[in-house]
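Summary of the model geometry
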Amino acid sequence: IKMCDDMVAMLKQEQLDDTHKQEYCAAQFDTADDKKKALERAVADEGTAIESAKEGIDTLIQEIAALEAGIKALDKTVAEATEQRKAENAEYKELMASDGAAKELLGFAKNRLNKFYNPKLYKEAPKQELTEEERILANNGGTPPP
């Protein structure tokens, strides 16, 4: 009977150990499940962050392309404006040269008119010294420069 009592006591002790072990394992399973869910949420959050970053990169690529197109258009506009300014400058220089020539011609004509109508204001044209080459040309029947 003592052996039976020892056996029953031992079985009760094993049952207690098994119960404690079962409670411990259940707690460990709960902890592992919580960690698994947290990791799954973290993975999902990281996936969302990756998608968001990819969208941001795509947006930036589009913006960069638009800016590059704008820069090219601006360069083209600047080149056109430069060409226009060069043409206007050439036209202005030509106008100024012709204006200067016209003023000189008007002064010459005014002096000629003064010779006839108002001799007191007439200024005789300065005598021009001819260079040696010009004298040779004039002596050989050519016309000397004015």
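Everything that follows concerns the structure shown earlier in this document.
A quick note: this is a predicted structure, and the numbers were derived from the prediction, not measured.

Quick notes on the overall build of the protein
On a plain count of helices and strands, the protein comes out with 2 helices and 0 strands. Expected size for 146 residues packed as a compact globule is a radius of gyration near 15 Å; at 54 Å, the protein overshoots this value by more than 25%. Its C-alpha atoms give the protein principal-axis dimensions of roughly 170 × 35 × 20 Å. Total accessible area on the protein is roughly 13,800 Å²; 60% of this is exposed by carbon and sulfur atoms. Placing the 21 positive and 30 negative side-chain charges of the protein at their respective mean positions leaves the two points 16 Å apart.

As for the side chain of Asn114
Tracing the backbone shows Asn114 in helix H1 (residues 2-117). Judged by its relative accessible area of 16%, Asn114 is buried. Beyond its immediate chain neighbours, meaning those up to four positions away, Asn114 contacts Pro119, Leu121 and Tyr122.

A look at the environment of Asp17
Tracing the sequence through the fold places Asp17 in helix H1. For Asp17, a relative accessible area of 42% translates into the label partly exposed. Separated by 76 residues in sequence, Asp17 and Lys93 place their C-alpha atoms 111 Å apart.

Overview of a nonpolar patch on the surface
Together, Met7, Met10 and Leu11 give the surface a local cluster of nonpolar side chains, amounting to about 300 Å² of exposed area. With respect to the secondary-structure elements, Leu11 resides in helix H1. In this structure Leu11 comes out as partly exposed when scored by relative accessible area, which is 47%.

Describing the side chain of Asn111
Tracing the backbone through its elements, the reader meets Asn111 in helix H1. Classification of Asn111 by relative accessible area gives buried; the value is 18%. Every residue in contact with Asn111, bar those within four places of it in the chain, is listed here: Leu121, Tyr122 and Lys123.

Procedures and definitions
- Each chain carries its own residue numbering, running from 1 in the direction its sequence is written.
- Selection of residues for local features in this predicted model requires a pLDDT of at least 70, selection of side-chain atom pairs for listing and counting requires 80 or more, and totals for whole chains, interfaces and linings are taken over all residues.
- Side-chain metrics rest on all non-hydrogen atoms present in the structure, leaving aside hydrogens and water.
- A run of H or I in DSSP becomes a helix once it reaches four residues, and a run of E becomes a strand once it reaches two; helices and strands are each numbered from the N terminus.
- Radius of gyration: over C-alpha atoms. The globule rule applied is 2.2 Å multiplied by the number of residues raised to the 0.38 power.
- Per-residue accessibility takes into account occlusion by the displayed protein chains alone, with areas from the Shrake-Rupley method and a 1.4 Å probe.
- When charges are counted, neither His nor the chain ends are considered; positive counts come from Lys and Arg and negative counts from Asp and Glu.
- By convention, the point assigned to a charge is CZ for Arg, NZ for Lys, CD for Glu and CG for Asp.
- Buried, partly exposed and exposed residues are distinguished by accessible area as a fraction of the type maximum, computed with a 1.4 Å probe on protein chains only: under 20%, between the cut-offs, and over 50%, respectively.
- Whether two residues are in contact is decided by their heavy atoms: any pair within 4.5 Å suffices.
- Patches here are clusters of residues that have more than 30% relative accessible area and form no salt bridge, with a 9 Å joining cutoff for like charges and a 5 Å cutoff for nonpolar side chains (Val, Leu, Ile, Met, Phe, Trp, Tyr).
- We define a salt bridge as a contact between a side-chain nitrogen of Lys or Arg and a carboxyl oxygen of Asp or Glu at a distance within 4 Å.

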